[in-house]
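A structural walkthrough
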Amino acid sequence: MATHFILVGLLCLCGLSQSNDCKRELLVNVDFPGADIASLFSPDAEHCQQLCTQHSSCLFFSFLRHDWAGDNRQFHCYLKFTSSGKPKVETSLLGITSGFSLKACNPDPQPCLSQVYHHVNFPGGDYRTLFTADYEECQKACTSDPACQFFTFLDENFTTADIRYKCYLKFSWPVPRIPIIKPVPVIVSGFSQQIQMPQNHYPACEVKLFPNSDFPIGNIDVLPATSPEHCQTFCSAHPLCTYFTYISHSFNCYLKNNAATLVLKAVKGYTSGLPARFCQPHNDWIKKTYVGLDFPSSDIRYFPTNDVEGCQRACTEDNNCQFYSYITNINRCYLKRVITVPAPPRVVKEANTVSGFSLRDCYKDIVPTIPVNKH
Ligand SMILES: *[C@@H]1O[C@H](CO)[C@@H](O)[C@H](O)[C@H]1NC(C)=O
């Protein structure tokens, strides 16, 4: 008992622990079998831990490392949940690293991912390619492009000779996507007022919209959105989106890629528009509350509150919350979130490739110093 208290005291002194639930340590060659809620790809256990941290209900995880020899599931990151909050079983297993969500550790919503992975390819998410002398230069190309989340570089010994030195810049959504938007009369939904949005340093602008218009050609993605302005935020964040069409009765936001032509067709209830990449659109859609709309799924937690304002305030004050739904007839507030950390759609072993992430979030805390004149 005495030892236990000393340990807790030490942890608090070191600032490692915000609460008793903050467990950062990774358990090497340990498996937490079962209790899976999702399986995603990840290049290492630290990144898998970030995926678990940002997943609404993940409490712990098991990651199958590059040296996992059981089958071909290397780089699989299994997100897990039990109602007790603890793994049911803990077994020792070579090639697997397990650990816990950092939700209780006041996590950085945009963590620095500085690791590079040799002989690892991140297939998918491509939006631009160029040729660079080495992987460091490819990583710099990624870091300097606001749309780039991760990259893959093919080095001088890559098997296919004519694509050696090729640098692939890749995109995954840094903006929270609401999985489902559904009309439900007794529900009011909305967003955290601290929601993480890609920022640019340009002045504010008006949103250019074409009411009752469809841009019919060039779909690249469709995702739920609350309004044409919300849809524009998605288009502005996606490097391949040249314009968009929003269908108000289905809450569907269609992102389009067609750099050649802009064909406009009159359709009632459709709103089309252009992205805002060199100005800051008024993000009024974040401030609004949406009466009669439900954002089901992705719940972090729920609790009773008297009104929707209280629910919005709770979401804004909770670092983990991105959006919420409030059930008016039972006065219950649901806080919600989705993963926004850069997430390669696949991770595979491949000789003579190097992959990694943008270093943008590694520099955000560095305050530029003003040079002092020396006399
Ligand atoms: C490419 O292969 C040569 C010869 O095996 C080796 O010396 C060199 O380090 C390799 N380059 C890279 C980037 O791995």
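Scroll up for the structure.
From a predicted model like this one, the values you see are computed outputs, not experimental measurements.

What counts, and at which threshold
- The numbers attached to residues start from 1 for each chain and follow its sequence in the written order.
- Residues qualify for local features only when their pLDDT is at least 70, as the model is predicted, and side-chain atom pairs are given and counted only at 80 or more; totals for whole chains, interfaces and linings, by contrast, use all residues.
- Side-chain numbers here rest on the full set of heavy atoms in the structure, without hydrogens or water.
- For helices the rule is a DSSP run of H or I covering at least 4 residues; for strands it is a run of E covering at least 2, with both sets numbered from the N terminus onward.
- For the radius of gyration, the atoms used are the C-alpha atoms, and the globule rule reads 2.2 Å times the number of residues raised to 0.38.
- Only protein chains enter the accessibility calculation, which uses a 1.4 Å probe. A residue is then buried if its area is under 20% of the maximum for its type, exposed if over 50%, and partly exposed in between.
- Between two residues, a contact is recorded if the distance between any of their heavy atoms is within 4.5 Å.
- Residue burial considers only the protein chains on display, and all accessible areas are found by Shrake-Rupley using a 1.4 Å probe.
- Positive charges come from Lys and Arg alone, negative charges from Asp and Glu alone, with His and the N- and C-terminal ends not counted.
- Here the site of a charge means atom NZ of a Lys, CZ of an Arg, CG of an Asp or CD of a Glu.
- Points on a 1 Å grid over protein atoms alone make up a cavity when a 1.4 Å probe fits among them but cannot get out, and a pocket when they form an open set with protein on both sides within 12 Å along at least five of seven lines; lining residues each have an atom within 4 Å of a point.
- Grid points are joined across faces, edges and corners, and a volume is the space filled by probe spheres set on the points.
- Three categories are distinguished: nonpolar for Ala, Val, Leu, Ile, Met, Phe, Trp, Tyr, Cys and Pro, charged for Asp, Glu, Lys and Arg, and polar for the others, with Gly belonging to the last.
- In this analysis, strands are considered paired if DSSP registers two or more bridges between them.
- Geometry is summarised by axes, namely lines fitted to C-alpha atoms with helices restricted to the contacting stretch, and by angles between N-to-C directions that run from 0 to 180 degrees.
- Classification of ring pairs uses Phe, Tyr and Trp, with its six-membered ring standing for Trp, and accepts pairs whose centres are within 6.5 Å; under 30 degrees between planes counts as stacked, over 60 as edge-to-face, and the remaining range as tilted.
- In this scheme, Lys NZ or Arg CZ marks a charge over a ring once it lies within 6 Å of the ring centre and within 35 degrees of the ring normal.

Here the focus is the overall build of the protein chain. Tallying secondary structure elements over the protein chain gives 7 helices and 22 strands in all. The globule rule puts the C-alpha radius of gyration for 375 residues at 21 Å, and the 23 Å found for the protein chain is close to it. By its C-alpha atoms, the protein chain is 70 × 65 × 65 Å across when sized along the principal axes. Out of the 375 residues in the protein chain, the part that is buried amounts to 48%. Restricting to contacts in the protein chain with at least 6 residues of sequence separation, those with at least 24 account for 73%. As presented, the protein chain carries roughly 19100 Å² of accessible surface, and 56% of it is formed by carbon and sulfur atoms. Taking the average location of the 32 positive side-chain charges in the protein chain and that of its 32 negative ones, the two points are 4 Å from each other.

Right, let's talk about the side chain of Asn-320 for a bit. Examined against the element boundaries, Asn-320 turns out to sit in the loop between helix 6 (308-317) and strand 20 (323-327). Setting aside anything within four residues of it in sequence, one finds Asn-320 in contact with Lys-103, Pro-107, Ile-300, Lys-336 and Arg-337.

Moving on, we get to the layout of surface pockets. For the second largest pocket, the calculated volume is near 490 Å³. When contributions to the lining of the second largest pocket are tallied by element, the ones reaching two or more residues are strand 2 (36-41), helix 2 (45-54) and strand 13 (219-224). A class-by-class count of the residues in the lining of the second largest pocket yields 15 nonpolar, 5 polar and 2 charged.

The antiparallel open sheet is built from 5 strands, whose spatial order is 6-22-8-9-7. Each end of this open sheet is capped by a strand with a single partner; those strands are strand 6 (116-121) and strand 7 (126-131). Direction aside, the axes of adjacent strands within the sheet are offset by 30° on average. As judged from the 5 bridges shared by strand 8 (residues 150-154) and strand 22 (residues 348-357), these two strands associate in the antiparallel manner.

We describe a pair of aromatic rings using the distance from one ring centre to the other and the angle between the two ring planes. One pass over the full model with this rule turns up 18 aromatic pairs. Measuring from centroid to centroid gives 6.1 Å for Phe-191 and Tyr-290, while their planes differ by 90°, and the two rings are edge-to-face. With Phe-191 in strand 10 (residues 182-191) and Tyr-290 in strand 18 (residues 289-294), this residue pair connects regions lying 99 residues apart in the sequence. Here the two residues Phe-191 and Tyr-290 agree in accessibility, since each one is buried. Here the aromatic cluster, defined as three or more aromatic residues joined through ring pairs, consists of Phe-191, Trp-285, Tyr-290, Phe-295 and Phe-323. A cation over a ring is seen here: Lys-23 above Phe-100, with NZ or CZ 4.1 Å from the ring centre.

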